[in-house]
Amino acid sequence: MEINLKIPPKVIVTQEFLLFQKSVEFSLYRPIQAWQWMNQTRSIPDDIDWVRSDVAESWRRCLEEYHLPLGREKSFYLKNKTIKLDKRIESINTFIQLLSSNFHIFLKEAEAILVLTCPKGQLLSQIGEQPFKNTFIEEHCKVNSNWQESIVGNNGIGSTIHLKRPVAFQGMEHYISAFHPFTTLGYPLLDENGEILAVLGLVSKHQESMHSLFAFLHLICVLVNTNLPLSQPNKVSLKITHKKPLNPSKKISKSAIPYQLQQLVNKAVKLQKHKISLLITGESGVGKDHFVRLIHEAGPREDKPLVAINCASIPRELIESELFGYVSGSFTGAKSGGKAGKFMLANQGILFLDEIGDMSIDLQSTLLRVLENSEFTPVGGSKSVKVDVQIIAATNVNLLVAVESGKFRRDLYYRLNGIKINLPALRDCIDKKYIIQHILQREMQDMNDNEPDPICISPNVIKLFESHYWPGNIRQLINVIRATLYTAMDSFITEKDLPEDFLGEIESSAVQNLKQQSIDPERNVAMSLAEWEIHGVKIALHESEGNISMAAKKLGITRTTLYKKIERFDLKKPAMLI
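Report on the accompanying structure.

Criteria and thresholds
- Residues numbered from 1 in each chain as written.
- Predicted model: local features only at pLDDT ≥ 70, side-chain atom pairs only at ≥ 80, totals over all residues.
- Heavy atoms only, no water.
- Helix = DSSP H or I, 4+ residues; strand = E, 2+ residues; numbered from the N terminus.
- Buried < 20%, exposed > 50% of the residue type's maximum accessible area, 1.4 Å probe, protein only.
- Contact = heavy atoms within 4.5 Å.
- Areas by Shrake-Rupley, 256 points an atom, 1.4 Å probe, with all protein chains shown as cover.
- Core = buried A, V, L, I, M, F, W, Y, C linked by side-chain atoms within 4.5 Å.
- Salt bridge = Lys/Arg side-chain N within 4 Å of Asp/Glu carboxyl O.
- Pairing = 2+ DSSP bridges.
- Axes fitted to C-alpha atoms, helices over the stretch in contact; angles between N-to-C directions.
- Polar contact = N/O pair within 3.5 Å; in protein donor to acceptor, adjacent residues only side chain to side chain.
- Arc of directions from axis to C-beta.
- Phe/Tyr/Trp six-rings, centres within 6.5 Å; stacked < 30°, edge-to-face > 60°.

Quick look at the overall build of the protein
Logical step 1: Regarding its fold elements, the protein presents 25 helices and 16 strands.
Logical step 2: For the protein, the residues scored as buried account for 51% of the 578 residues in total.
Logical step 3: Contacts in the protein between residues far apart in sequence, at least 24 positions, make up 68% of those at least 6 positions apart.
Logical step 4: Of the accessible surface of the protein, which amounts to about 27,800 Å², a share of 52% is contributed by carbon and sulfur atoms.

Printed below as a string of structure tokens:
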């Protein structure tokens, strides 16, 4: 089973948390008073100004579900017996150990340790010199200790296991007082089903460096995702992921590719070994040329030429000489020594015929003959030349329709279509959020190479990126992100920094969606105010993933009012998440 160590789709929650910390008035944020209140009253403060919703909800679980006592740490020591690990988790553990020499200095300066736990909270390994003089923490940083939230209270590692998303707590945000001098952070590594394979965590003595600790932990997860071919170890993954050296001081590797695309690359490389022609289809902008480069890097011809030709951009009268070359004096203006064509340049390598659907019908016959016997005659020449070339063709044209209309030869279509691989549009990708996060991170990394100040993206902008239809696919996404980052007036990116044409596209899409949502298709009438209210509550609950505190904040009402609306509208739990 193939495992995808992707940065979790809900990483936006992490960004919202960091931005919240940056913007909130700390005079109103009172975890010390909140914890003391809880300790005295054995109840959770409802006021959002006391603590973040993550903290309040985790305290509620500790108090009401786990019935954990406050302040008696000795009762929490609990170790598991050594368990037999899944091979995939062992691979992660081995990789982290190999990687550890690259960041020992950071851990020492941050007075932190890095831990890896299994999905049940059992600590598998720790990295870094333990800087803590705290018996409770020392015990829980030993192999086989248990970090589950139900055992040691809320903490970055155990709460990440519970919520399946990145989580962090500082000081008195922890339920158990032994954690109060520390910061704990967790990041989940998920499989393709969204289940936790392992959790990477940090425990630090510093409470003022949350941003840098989260950035470090995020980087480690990216390196794991980039360089660890866990799934059925094969040469394809090794070739792709090991192109870049492991060096935290360098930019994050750009060779990491999404799970869905990796699967298609694996398939294409297997076919390439048998010299089967590939026909790549997909909308304009989905990255067909990028996909071909990945195939070349991972395939058996990686050290041979990759030659590309755009069949739509070359004049009809020149395309034959471009493909097959010409001999000296073959036509007016020809070079004296002749010129090698693309087929010759691609000998023993790959010839990529992009926009093959726009090739003229007369040249299709010539190309068909070359594909049949791998021989061609240069323009003006009399002697045939034999080459060894792997053909990959790509088009955004429906070639079967072109065949039926007589614009494309049927025999050439079946010659090129040894196997057809369709690259999905960005809106249809199963890992769309990861793709957006990956490109955003890559472009921000490039930006930070030239700019001293870090760049923060507002949660609203990220939500816009993740929910947009993207008619121009990945090409449009890259252009919008790049334009936004380089033209923004501030290091905190908001909606006003987005390109005007993109905002216009979003507005047009929003108007269309509003029209569709405001009309009941069965009754063909506008929704009533009550129906709008129900719709708004459902949306808030959906966006907050059922978190009452967060949903109430979005709606601008109290938790009590929201509970009353849920009861009045009879919104049972399944109806909350629409």
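Read on for the rest.
Considerations on the nonpolar core
Logical step 1: Residues W59, I137, Y175 and V203 are the most contacted members of the largest nonpolar core, which totals 37 residues.
Logical step 2: Broken down by secondary-structure element, the contributors of at least two residues to this core are α2 (31–41), α3 (53–65), β1 (112–117), α6 (135–140), α7 (149–152), α8 (156–163), β3 (167–170) and β5 (196–204).
Logical step 3: Broken down by element, this core gets its largest block of residues, five residues, from α3.
Logical step 4: In this structure V203 touches E111, A112, I113, F132, I137, W147, I157, F182, T183 and T184, once residues within four positions along its chain are discounted.
Logical step 5: In terms of nonpolar packing, the next biggest core, distinct from the first, is built from 33 residues, I127, L197, L213 and I220 among them.

Some thoughts on the pattern of salt bridges
Logical step 1: The full count for this structure, using the stated rule, is 16 salt bridges.
Logical step 2: Among the salt bridges present, the one from K339 reaches E322, with a minimum N-O distance of 3.5 Å. Of the two residues, K339 is situated in strand β9 (residues 339–340) and E322 in helix α13 (residues 319–324); the sequence distance between them amounts to 17 residues.
Logical step 3: Residue D497 is joined to K496 by a salt bridge in which the shortest nitrogen-to-oxygen separation is 3.6 Å.
Logical step 4: Residue D497 is classed as buried on the basis of its relative accessible area, which comes to 7%.
Logical step 5: Residue class for K496 comes out exposed when judged on its relative accessible area of 64%.
Logical step 6: Beyond isolated ion pairs, a larger network of salt bridges with shared partners links R442, E443 and R482.

With respect to the sheet that holds strand β4 (residues 183–190)
Logical step 1: The strand order β2-β1-β5-β4-β3 describes an open sheet built from five strands, whose pairing is antiparallel. Looking along the sheet, the strands with just one partner apiece sit at the ends: β2 (123–127) and β3. In this sheet, neighbouring strand axes are inclined to one another by 15° on average, regardless of whether the strands run parallel or antiparallel.
Logical step 2: Sitting on the sheet, helix α4 (residues 87–99) touches β1, β2, β4 and β5, and the angle it makes with β2 is about 10°.

Re the environment of T41
Logical step 1: Within the secondary structure, T41 sits in helix α2.
Logical step 2: Given the relative accessible area of 36%, T41 is considered partly exposed.
Logical step 3: Reaching out from T41, the side chain makes a polar contact with the backbone oxygen of W37 at a distance of 2.7 Å.
Logical step 4: At a separation of 2.7 Å, a polar atom in the side chain of T41 contacts the side chain of S43.

Some words on unusual backbone geometry
Logical step 1: Positive phi values are uncommon outside glycine, yet K164 reaches one of about 60°.
Logical step 2: By secondary structure assignment, the location of K164 is in the loop between α8 and β3.
Logical step 3: The exposure class assigned to K164 is partly exposed, which follows from its relative accessible area of 32%.

Examining the pairing of strand β7 (residues 306–310)
Logical step 1: Of the two faces of β7, only the one carrying V307 and I309 is buried; L306, A308 and N310 on the other face are not.
Logical step 2: Relative to strand β10 (residues 350–354), β7 is paired through five bridges, and the arrangement is parallel. In the sheet register, V307 faces β10, and the bridge partner there is L351.

Considering the sheet that holds strand β6 (residues 278–281)
Note on sheets: strands pair through backbone hydrogen bonds, and any given pair is parallel or antiparallel.
Logical step 1: Ordered in space as β7-β10-β13-β6-β14, the five strands form an open sheet in which the pairing is parallel. Two strands close off the open sheet at either side, each with one partner strand: β7 and β14 (419–422). Each strand axis lies, on average, 20° off the axis of its neighbour in the sheet, ignoring direction.
Logical step 2: Packing against the sheet, helix α12 (residues 288–298) makes contact with β6, β7, β10, β13 (390–395) and β14, and its axis sits at approximately 145° to β6.

Here's the deal with helix α24 (residues 559–568)
Logical step 1: Three or more residues of α24 are buried, namely R559, L562, K565 and I566. Buried residues along α24 cover an arc of 120° about the axis, so they all sit on one side. Away from the buried face of α24 by more than 90 degrees, exposed residues K564, E567 and R568 are located.
Logical step 2: Positive phi shows up at D570, right after α24, with a value of about 55°.

Digging into the packing of aromatic side chains
Logical step 1: Following the criterion strictly, the structure yields eleven aromatic pairs and no others.
Logical step 2: Between F136 and F179, the aromatic rings sit 5.2 Å apart at their centres with planes inclined by 85°, giving edge-to-face as the arrangement. In this pair, F136 sits in helix α6 while F179 sits in the loop between β3 and β4, placing the two residues 43 residues apart along the sequence.
Logical step 3: Taking relative accessible area as the criterion, F136 reaches 4% and is therefore assigned buried.
Logical step 4: For the pair F465 and W470, a centre-to-centre distance of 5.9 Å together with 45° between the ring planes defines the contact as tilted.
Logical step 5: With a relative accessible area of 2%, F465 lands in the buried category.
Logical step 6: Here a set of aromatic residues connected by ring pairs shows up, and it is made of F136, W147 and F179.

A word on the pairing of β5
Logical step 1: For β5, the tally of buried residues reaches nine of nine residues, placing the bulk of the element in the interior.
Logical step 2: Note: β1 against β5, six bridges, orientation antiparallel. Its bridge partner lying in β5, L116 is registered against L200.
Logical step 3: Bridge analysis of β4 against β5 gives eight bridges, and the strand direction is antiparallel.

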